[in-house]
Amino acid sequence: MSKGEKDQTKKGSKKKWLLIGVGGLLLAAGSAGAAIYATGGFAPKHTAEDPNRPKLVLRSEEPAEAPADGEGDKEAPLKEGTASVPNDRIKVDPGKYEITYFPVEQPFTANLADGSGFIQIGISLATYYDGKVISNIKRQDVPIRSAVLMVLSEQDPAVLSTAQGKQMLQRELTQAINAVLRQKEGFGGIDNVYFNSLVIQ
């Protein structure tokens, strides 16, 4: 066998071993990929629904009837079921879900931003979610009160004298209360803040 033929044989042998090695690697990679796929490694992970997360309450199917004498405390019957949501920032269809109003017992009093007067308000909170949101509000009463007082103390009396200023205050209070609930409970759920009383002096 000539030297050239020997070199050709060596090159052919190297190519053969190289192909076998690459083929082995591909086979191993394919087997690993199949194993991961079979065990659900590539599938999106399904997280179990948190039973403590508030749910939207479906509105009753029939309009509420006028209560008979002595039955004023009874609530209208709700349609069976609730709707789960991933977070409290989704847009809620008010025609589809029941709203609950929670009056905050004590009023809030704070000095206004320019120091020339004060504001005193009584508020109710509105939510489309179940009783867990109300429980969260009660549990976080102290930080909620603090957040409301901080918002009130930043108000300009000239702005509050207008309807637009009062609506802006409603939005600011809603955002502040939801921020507290998200931080402390992981879920806001307040749709709006309504004034029961409003005094600016």
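To start, this report covers the structure provided alongside it. Because the structure is a prediction, the values reported are computed rather than measured. (Residues numbered from 1 in each chain as written. Predicted model: local features only at pLDDT ≥ 70, side-chain atom pairs only at ≥ 80, totals over all residues. Heavy atoms only, no water.)

A closer look at helix α5 (residues 163-185)
Residues spaced three or four apart along an α-helix point in a common direction, a consequence of the helix completing one turn every 3.6 residues. Under the convention used in this document: Only DSSP runs of H or I covering at least 4 residues are called helices, and only runs of E covering at least 2 are called strands; the numbering of each starts at the N terminus. A helix's residues, less one, multiplied by 1.5 Å, set its expected span. Per-residue accessibility, obtained with a 1.4 Å probe over protein chains only, is compared with the maximum for each type, and a residue is labelled buried under 20%, exposed over 50%, and partly exposed between these values. Every residue pair with non-hydrogen atoms within 4.5 Å of one another is taken to be in contact.
An ideal rise of 1.5 Å per residue puts 33 Å on 23 residues; α5 measures up with 32 Å between its terminal C-alpha atoms. Among the residues of α5, those classed as buried are Gly 165, Leu 169, Gln 170, Leu 173, Thr 174, Ala 176, Ile 177, Asn 178, Val 180 and Leu 181. In the core, the buried residues of α5 are packed alongside β5 (118-127), α2 (131-139), α3 (141-153), α4 (157-160) and β6 (190-200). Within two residues after α5, Gly 186 carries a phi angle of roughly 80°, on the positive side.

A look at the nonpolar core
The criterion, for reference: Among buried residues, the Ala, Val, Leu, Ile, Met, Phe, Trp, Tyr and Cys ones that are joined through side-chain atoms within 4.5 Å form a nonpolar core.
One finds Leu 56, Ile 119, Ile 123, Leu 125, Ile 137, Leu 152 and Ile 177 to be the most contacted residues of the largest nonpolar core, which totals 35 residues. Elements supplying a minimum of two residues to this core: β4 (108-111), β5, α2, α3, α5 and β6. With near-sequence residues (within four places) excluded, Ile 123 lies in contact with Phe 102, Pro 103, Val 104, Phe 108, Ile 177, Val 193, Tyr 194, Phe 195 and Asn 196.

Thoughts on the pairing of β5
Inclusion rule: Any two strands between which DSSP finds at least two bridges are classified as paired.
Across the 10 residues of β5, eight count as buried, placing the element largely inside the fold. In terms of strand pairing, strand β3 (residues 100-103) meets β5 through four bridges, oriented antiparallel. Paired with Pro 103 across the bridge in β5 is Ser 124. Across four bridges, the pairing between β4 and β5 is antiparallel. Looking at the pairing, Ala 110 lines up with Ile 119 of β5. Turn length for the β4-β5 hairpin, with the two strands adjacent in sequence and antiparallel, is six residues, and the turn residue Gly 115 shows positive phi of about 75°.

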